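# Descriptive structure summary
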Number of protein chains: 2
Amino acid sequence: MPTPNSSMNPTQVNFNSPRKFRTTLKSKCKETFFPDDPFRQFKNEKPLGKAKKTLQYFVPIFEWLPQYNLKMFRFDLLAGITITSLAIPQGISYAKLAEIPPIIGLYSSFVPALVYAILGSSKHVAVGTVAACSLLIADTIGSKVSSKDDPTLYLHLVFTAAFITGVFQAALGFLRLGILVDFLSHSTITGFMGGTAIIICLQQLKGLLGVSHFTTKTDVVSVLHAVFKNRNEWKWETAVVGMAFLVFLLFTRYLRQRKPKLFWVSAMAPMVVVVLGCLLAYFTRDSKYSIQTVGKLHKGLNPISIEYLNFDAEYLPYTLKAGIITGIIALAEGIAIGRSFAIMNNEQVDGNKEMIAFGFMNIVGSCFSCYLTTGPFSKTAVNYNSGCKTAASNLVMAIGMMLTLLFLAPLFSYTPLVALSAIIMSAMLGLIKYEEAYHLFKVDKFDFCICLAAFFGVAFITMDMGLMISVALALLRALLYVARPAACKLGKLPDSTLYRDTEQYAEASGPPGILAIQLGSPIYYANGNYIRERILRWIRNDEGNGKAVKHVLLDLTGVTSIDTTGIETLAEVLRILEVKHIKMKIVNPRLDVLEKMMKSKFVDKIGKESIFLCMEDAVEASYDFSATTEKQGFEEQRSGVA
Amino acid sequence: MPTPNSSMNPTQVNFNSPRKFRTTLKSKCKETFFPDDPFRQFKNEKPLGKAKKTLQYFVPIFEWLPQYNLKMFRFDLLAGITITSLAIPQGISYAKLAEIPPIIGLYSSFVPALVYAILGSSKHVAVGTVAACSLLIADTIGSKVSSKDDPTLYLHLVFTAAFITGVFQAALGFLRLGILVDFLSHSTITGFMGGTAIIICLQQLKGLLGVSHFTTKTDVVSVLHAVFKNRNEWKWETAVVGMAFLVFLLFTRYLRQRKPKLFWVSAMAPMVVVVLGCLLAYFTRDSKYSIQTVGKLHKGLNPISIEYLNFDAEYLPYTLKAGIITGIIALAEGIAIGRSFAIMNNEQVDGNKEMIAFGFMNIVGSCFSCYLTTGPFSKTAVNYNSGCKTAASNLVMAIGMMLTLLFLAPLFSYTPLVALSAIIMSAMLGLIKYEEAYHLFKVDKFDFCICLAAFFGVAFITMDMGLMISVALALLRALLYVARPAACKLGKLPDSTLYRDTEQYAEASGPPGILAIQLGSPIYYANGNYIRERILRWIRNDEGNGKAVKHVLLDLTGVTSIDTTGIETLAEVLRILEVKHIKMKIVNPRLDVLEKMMKSKFVDKIGKESIFLCMEDAVEASYDFSATTEKQGFEEQRSGVA
């Protein structure tokens, strides 16, 4: 491009021969599966050091234990005791949601917590069960086997689902497919959690009102119908006690919001409710005001359950479905939580490594009478606020839980169901994030729709349908992003060398005779047609406004990649423009794009002299040649008529 | 940004208040559904003119008929006769593929051609049946109802599938969902067509070898197994005749490739083969060398079949599946062909309008004993080469077909099956595009994989599975494009003001203390985590190499849109960088992105003074402030320690 101004930008487009396939494949695989470059620390190590670092990488306890000291332990001990006091009531409550014996809930805070303390890389995550997944398991497994008619088989299927979850999570981690979890968007999770909270709260009306006949369905309509159909079973005594507990719990939550330092009050409150409830139930046990309790809880540690895992083909579809869906949700929750607390402390969490830890936790757990566990938000937040320093707080919780199981379990058999309902309700009410939904509404309407779809889907259809509809909408949007990339017309800003979107900067105006277009996002099969139509539409518009277009300049700065259909599209546009006697020029193609243009001979078709490094050069060149071009175009037209 | 150099680029980022939701929604819907702006011609019209143009828009015959003249008719007549001579053998052959009576194939070139002549907007498309869809219909419907045991029910279900195809196609067109067809990539179609051609060719061994026992499966293994299992049925007479026909047909095809002007030889060749075959069969009919023929063909036009449409719930899943899958394939073929010939003539085809035309063609066709029709490649190419000027050539073909049905049909009952097999094989061999696959391999390995998946899926599993695997792979790629956007590190080119990818331009090097990053493609939930990790990795790398990073400059020129998760990601990065005492600056945010940043208060967080119109300004500003910044950072650090 021997233009007068080229001295200003002496560097030309780099037409070096394309990189080898192996090089590009390697770099792409790295970006896809190892974006956080987890092995960078091994690079300059000797074999022994490498082995040590590898062990530390896969078993993080070896990383922090050597530096562990008494001062750290003091913090972890306090945090561990606090989360234990939360784990007991939550464990019992969520086990009731999953329709399994309450003791399983206690078991699930013992073995998995031990495993996570060894393998987990987050310092703040506290292991425990979660309400949404508990309900989802009950919903999925319960659609095949009734927890009332065949509780043993049902329980074994729940263990099996946890085992499948574990294998699935560990496999995702080993295959570095953390990318899958990225496709559960924040909007989906907000909506899903909100919807789940609503249906779980409504379900608690059963315990709160003391109704004994109820529905197994989870949607709002069925649940409300069941509540009001059995009006005659309502008991005012339970209702009064339940409301009192609920008000107390909500008050402590409110207190925490006002004075964050009092977080321990709300952390201890469920335990207080359980103890009060136990006392109440114990003293009224023979009176006419007796209230329903959870029933027998045996002393003793987790029995081994590996022989109960049931992979019968008849039940496998249900356990697989429950295992995989809850596995993804549990990962999304656990990893997101771990990450957000790590960011607060300027640390890094390797999502894929966490998946492996969660996976092993569930595999081992399912062999020791535990069901699905993850790092739930509420418990982790309490752990963080209690000042935990390492995963040792989980160890403390495990020991606390062990002592409870060995000595105190029978005491909790007096826990009234209504107390559990109050605990669950107060936890769930905190998961409905109005402000978040409003924020989505204000900033991005499509995100808001994705959130609403999850919310209403969960509330009115089923939990898994709600989730899937929302994920499908989010994927649709991702595809629309690429199918309809935002292209814009560029104009020159007055008194500068910058070319910017004419819609955004009204003062920018195109050089006469030149149509400068900036294409964004990859050009490929799904948007090839669109891009061609869009470019032709701009030409028609300009011509319709009486402006002759002589040159079309395509700025490819924003085009990160192109496929064969994309290149064919550009070749087609080139052909159409040639017929119209319009010259096409390419500005600043990126590495990947230029390589494919060279491999497919597009560069030969358009000519190297038509590819520029910046818009300014391309415009200059257009003016230099335009006199010649016009003459040539005119002559071609004449010969066409002749 | 009061930098000394700001006089060079006096315009600042435009912080006007965001556009209204209605405005953006309208513009996005327009880009999504009306990218070709089909109603632009109505804009400056009076009501009467508008009505006329609307009629012409929806019924294109009103557009071209008034200007029609004898000279055009001469061309259309010739083209019409040529395609009629192709339509008769192809119609009979493909009807055999679909396992329906051969006469249906003739009917299908009569009524649908009439409808398309009225509604179709392409000048070159010639209506007819297609091999791939015929086989797919046989495969899908045949899996429920056997064409041998219950031919009447089978035929009615085929009509029903065509009706469903029509409704589906018309609905897509009315809803302007042409975008769906864009998701069938060129690579998928190449592989699918190749795989289909292979299995159809192998199936023709049945006719060519005169085997009467055969399999209904379509995959290569089953078909070859059936051919060789029935070795004892092979007849050398048919094989010889068949090979002779095939060689003749392939020779005419070769001739056309060498001398494109002789295209009519290859267009007429199938008819010649049929006539020769009929003569042969007629004269050997009572000898011991008698060959199998298609059997009775009755005189008469299409009988009405609307009362046979069968929407029984038992068969509906099969007819729906057949109708929708073949509908999409037929659209992809018909529209792509129409478009590519229109581009050659510098005309425009409205994909959504074509869908409506194809849809009505199939709806009306299914009511008059026709099965699925579209604009097949071979016939359309012949039509174009014969010099057709308007859709009137379809009208000529319809009349030719009417005459055939009324007077000549019985003559074709002597058509030998082996002649049909030879015609189908020669047509199919042309659909295997080795060079295209090789081109894909050279330019884009992933596209090649998509193509291979379709090819082997169709050849070794089933047609629909092959298609779906390939489409899924292509979608996966589209999602990967957005989940792992190519970001790059920018450096300043020596002696210029340009910042370019340091990997692409080795001579580009970053200004010291500044990390300039160009992000491509939308930032949203599926790539938020990746982008954060990527930015942090660059910072770590630079710091690892002993270069302190003081400023991170994010060039958002290539970021066409952002969602709430994306903005949160940027806010997170900002927070992390603040902890590290690194300043973050945003360069050239596009309209959509800036609007969302303002709505979500991100602009307030980062400060308007940290958003720049071009990289140059941002770098200047970094240097101006860097002295202050360093001091400030130092003080912050000190107070942090205290």
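Residues numbered from 1 in each chain as written. Chains lettered and ligands numbered in written order. Predicted model: local features only at pLDDT ≥ 70, side-chain atom pairs only at ≥ 80, totals over all residues. Heavy atoms only, no water.

## With respect to the overall build of chain A
Worth spelling out the cut-off: The secondary structure listing takes helices from DSSP runs of H or I that are at least 4 residues long and strands from runs of E that are at least 2 residues long, numbered from the N terminus. Think of it in three bands: residues with accessible area under 20% of the maximum for their type are buried, residues over 50% are exposed, and the middle band is partly exposed, with areas taken using a 1.4 Å probe on protein chains only. We call two residues in contact when some of their heavy atoms are within 4.5 Å. Under the convention used here, a 1.4 Å probe and the Shrake-Rupley method define accessible areas, while residue burial counts only the protein chains that appear. This count recognises Lys and Arg as positive and Asp and Glu as negative, with His and chain-terminal groups excluded. The atom standing in for a charge is NZ when the residue is Lys, CZ when it is Arg, CG when it is Asp and CD when it is Glu.
Per the secondary structure count, chain A includes 26 helices and 6 strands. Seen along its three principal axes, the alpha-carbon backbone of chain A occupies a region of about 110 × 65 × 55 Å. Taken across its 642 residues, chain A has 58% of its residues classed as buried. By sequence separation, contacts in chain A at least 24 residues apart represent 80% of the contacts at least 6 residues apart. Total accessible area on chain A is roughly 27000 Å²; 64% of this is exposed by carbon and sulfur atoms. Both charge centroids of chain A, one from 64 positive and one from 50 negative side chains, sit 6 Å from each other.

## Some thoughts on unusual backbone geometry
Unlike most non-glycine residues, A:H581 shows phi in positive territory, near 60 degrees. Looking at where A:H581 falls in the secondary structure, it is placed in the loop between helix 23 (564-579) and strand 5 (583-587). For A:H581, a relative accessible area of 27% translates into the label partly exposed. If you check the backbone angles, B:D495 has positive phi at about 55 degrees while not being a glycine. Here B:D495 shows up in the loop between strand 1 (488-492) and strand 2 (499-501).

## Thoughts on the interface of chain A and chain B
In plain terms, the rule: Buried area counts how much accessible surface, traced with a 1.4 Å probe, disappears from two parts once they are put together, with both parts' losses summed. The rule for a salt bridge is simple: a side-chain nitrogen of Lys or Arg has to be within 4 Å of a carboxyl oxygen of Asp or Glu. Under this definition, polar contacts are N or O atom pairs within 3.5 Å; protein pairs additionally need one hydrogen-donor-capable and one acceptor-capable atom, and for neighbouring residues in sequence, both atoms have to be side-chain atoms. Amino acids are sorted into nonpolar (Ala, Val, Leu, Ile, Met, Phe, Trp, Tyr, Cys and Pro), charged (Asp, Glu, Lys and Arg) and polar (every other residue, Gly among them).
Residue-level contacts link 99 residues of chain A with 100 residues of chain B. Carbon and sulfur atoms supply 55% of the area buried between chain A and chain B, which totals about 8800 Å² over both sides. Summed over the three residues of chain A that lose the most area to chain B, namely A:Y481, A:Q504 and A:Y525, the buried surface amounts to 8% of that side. Taken together, the links from chain A to chain B amount to 4 salt bridges. Inspection of the region where chain A meets chain B yields 14 residue pairs in polar contact (both at pLDDT 80 or more). Top contributing element to the side of chain A that touches chain B by residue count: helix 21 (residues 463-483) of chain A, with 9 residues. In the side of chain A that touches chain B, the residues fall into 41 nonpolar, 26 polar and 32 charged.

## So, the sheet that holds strand 4 (residues 551-558) of chain A
Residue and element names in this part refer to chain A. Rules: Two strands pair under a simple rule: DSSP has to find at least two bridges between them. Here the axes come from fitting lines to C-alpha atoms, over the contacting stretch only for helices, and the angles between their N-to-C directions go from 0 to 180 degrees.
Here 6 strands make up an open sheet; going across it, the order is 2-1-3-4-5-6 and the pairing mixed. In this open sheet, the two strands that pair with only one neighbour each are strand 2 (499-501) and strand 6 (611-612). As paired strands, strand 3 (residues 514-520) and strand 4 are joined by 6 bridges and run parallel to one another. Along strand 4, the bridge assignment pairs L515 with V552. Sheet contacts for helix 22 (residues 528-544): strand 1 (488-492), strand 3 and strand 4; angle to strand 3, the most-contacted strand, approximately 155 degrees.

## Quick word on the pairing of strand 1 of chain B
Residue and element names in this part refer to chain B. Where strand 1 meets strand 3 (residues 514-520), 3 bridges bridge the pair, whose relative direction is antiparallel. Of the residues in strand 3, the one forming a bridge with K489 is I517. Taken together, the 3 bridges between strand 1 and strand 2 define a ladder with antiparallel strand orientation. In the sheet register, L490 faces strand 2, and the bridge partner there is D501. Adjacent in sequence and paired antiparallel, strand 1 and strand 2 are bridged by 6 residues, among which D495 carries a positive phi angle near 55 degrees.

## Some details on a nonpolar patch on the surface
Residue and element names in this part refer to chain A. Quick note on the threshold: In this scheme, patches are assembled from residues that exceed 30% relative accessible area and form no salt bridge. Like charges are connected within 9 Å, while nonpolar side chains (Val, Leu, Ile, Met, Phe, Trp, Tyr) are connected within 5 Å.
Together, F248, V272, V275, L276, L279, Y282, F283 and Y414 make up an exposed nonpolar region whose accessible area comes to about 700 Å². The element contributing the most residues to the nonpolar patch is helix 13 (residues 263-283), with 6 residues. Relative to the helices and strands, L276 is located in helix 13. The exposure class assigned to L276 is partly exposed, which follows from its relative accessible area of 44%.

## Digging into the sheet that holds strand 6 (residues 611-612) of chain B
Overall, mixed pairing links the 6 strands, which are arranged 2-1-3-4-5-6 (chain B) in an open sheet. Sheet topology places strand 2 and strand 6 of chain B at the edges, where each strand pairs with a single neighbour.

## Points about the domain arrangement of chain A
The condition that has to hold: An automatic or database domain assignment provides the domain bounds reported here.
What the domain assignment lists for chain A is domain 1 (64-479) and domain 2 (485-641). Using only C-alpha atoms to locate each centre, domain 1 of chain A and domain 2 of chain A end up separated by 56 Å.

## A few points about the pairing of strand 5 of chain A
Consecutive side chains along a regular strand alternate between the two faces of the sheet. Residue and element names in this part refer to chain A. The cut-off we apply is this: If you view a crossover with the strands going away from you and the path from the first strand over the helix to the second runs clockwise, you call it right-handed.
Judged by how many residues are buried, strand 5 sits mostly within the fold: 4 of 5 residues are covered. Pairing analysis gives 5 bridges linking strand 4 to strand 5, with the strands arranged parallel. Its bridge partner being in strand 5, V552 is matched across the sheet by M584. Between the parallel elements strand 4 and strand 5, the chain passes through helix 23 in a crossover that is right-handed.

## Details of the relation of the copies chain A and chain B
Heads up, the condition is: C-alpha atoms of residues with pLDDT of at least 70 in both copies form the basis for the least-squares superposition of the copies.
Superposing chain A onto chain B requires a rotation of 180 degrees together with a translation of 0.0 Å along the rotation axis, leaving an RMSD of 0.1 Å. One copy is carried onto the other by what is essentially a two-fold rotation axis. When C-alpha distances to the rotation axis are compared across chain A, the minimum falls at A:G558, with a value of 1.9 Å. The overlap is high: 100% of the interface residues of chain A also sit at the interface in chain B, so the same surface is used on both sides.

## Here's the deal with the confidence of the model for chain A
All names here are of chain A. Rules: The predictor reports its confidence for every residue as pLDDT, a score running from 0 up to 100.
Averaged over all residues, the pLDDT of chain A is 85; the fraction at 70 or higher stands at 95%. Of all secondary-structure elements in chain A, the lowest mean pLDDT belongs to helix 26 (residues 615-641), at 61, while helix 8 (residues 151-174) reaches the highest, 94. Per-residue pLDDT stays below 50 along residues 1-10; that stretch engages in 21 contacts with residues further than four places along the chain or on separate chains. Both scores are given for the predicted complex: the pTM is 0.80, the ipTM 0.81.

## Quick look at the packing of aromatic side chains
Applied cut-off: Note on ring pairs: Phe, Tyr and Trp rings are taken, using the six-membered ring of Trp, and paired if centres are within 6.5 Å. Classes follow the plane angle, with under 30 degrees stacked, over 60 edge-to-face and the rest tilted. A positively charged side chain is recorded as over a ring if its NZ (Lys) or CZ (Arg) lies within 6 Å of the ring centre. The angle to the ring normal must also be within 35 degrees.
For the structure shown, the criterion picks out 28 aromatic pairs over all chains. In textbook terms, an aromatic cluster arises when at least three aromatic residues are bridged by ring pairs, as seen for A:F183, B:Y524 and B:Y525. Between B:K445 and the ring centre of B:F441, over which it is positioned, the NZ or CZ distance is 4.8 Å. Positioned above the aromatic ring of B:W538, the side-chain terminus of B:R534 is 3.8 Å from the ring centre.

## Focus on helix 17 (residues 392-408) of chain A
Residue and element names in this part refer to chain A. Cut-off, in case you're wondering: One less than the number of residues in a helix, times 1.5 Å, gives the span that helix is expected to have.
An ideal rise of 1.5 Å per residue puts 24 Å on 17 residues; helix 17 measures up with 23 Å between its terminal C-alpha atoms. Residues A392, S393, N394, V396, M397, A398, G400, M401, T404 and L405 constitute the buried set of helix 17. Residues of helix 17 that are buried make contact with helix 3 (61-64), helix 4 (70-97), helix 5 (102-107), helix 6 (111-119) and helix 16 (377-385).

## Remarks on the packing of helix 12 (residues 236-258) of chain A against helix 18 (residues 417-429) of chain A
All names here are of chain A. Operational definition: Left-handed describes a crossing whose near helix is turned anticlockwise from the far helix through less than a right angle; right-handed describes the clockwise counterpart.
Between helix 12 and helix 18, whose axes approach to 9 Å, the crossing angle comes to 35 degrees. Between helix 12 and helix 18 lies a crossing of right-handed hand. Contact residues: T238, V241, G242, F245, L246, L249, L250 and R253 in helix 12; V418, A419, A422, I423, M425, S426, A427 and L429 in helix 18.

## Concerning the packing of helix 6 of chain A against helix 17 of chain A
For any two helices packed against each other, the geometry comes down to the angle between their axes and how far apart the axes lie. Residue and element names in this part refer to chain A. Filter applied, for reference: Should an angle lie under 35 degrees it is considered roughly parallel, over 145 roughly antiparallel, and from 65 to 115 roughly perpendicular; all remaining angles are considered oblique.
The N-to-C vectors of helix 6 and helix 17 enclose an angle of 160 degrees; their axes lie 8 Å apart at closest approach. The angle between the axes of helix 6 and helix 17 places the two elements in the roughly antiparallel class. In this structure, helix 6 crosses over helix 17, and the sense of that crossing is left-handed. For the pair helix 6 and helix 17, the contacting residues are A113, L114, Y116 and A117 in the first and N394, L395, M397 and A398 in the second. Here the residues of the contact of helix 6 with helix 17 sort into 7 nonpolar, 1 polar and no charged.

## Looking at the side chain of B:S134
Residue and element names in this part refer to chain B. Within the secondary structure, S134 is located in helix 7 (residues 131-142). Here S134 falls in the buried class, since its relative accessible area comes to 0%. Excluding its chain neighbours within four sequence positions, the residues that come into contact with S134 are Y94, L97, A98 and Y371.

## As for the environment of A:L406
Residue and element names in this part refer to chain A. On the secondary structure map, L406 appears in helix 17. Separated by 105 residues in sequence, L406 and L301 place their C-alpha atoms 6.5 Å apart. Apart from the residues within four sequence positions on either side, L406 is in contact with K299, G300 and L301.

## Section: the pattern of salt bridges
Going through the model one piece at a time under the given rule, you end up with 18 salt bridges over all chains. One salt bridge in this structure joins A:K596 and B:D444, with 3.2 Å as the shortest N-O distance. One end of the pair, A:K596, is in helix 24 (residues 591-599); the other, B:D444, is in the loop between helix 19 (434-443) and helix 20 (445-460), on a second chain. Neither A:K596 nor B:D444 differs from the other in exposure class; each is buried. Overlapping salt bridges bring together A:D444, A:D447, A:R477, B:D563 and B:K596 as one network.

## Some remarks on the environment of B:T24
Residues and elements named next belong to chain B. By the element assignment, T24 lies in helix 1 (residues 21-33). Separated by 282 residues in sequence, T24 and I306 place their C-alpha atoms 46 Å apart. When neighbours within four sequence positions are excluded, T24 is seen to be in contact with R19 and E595.

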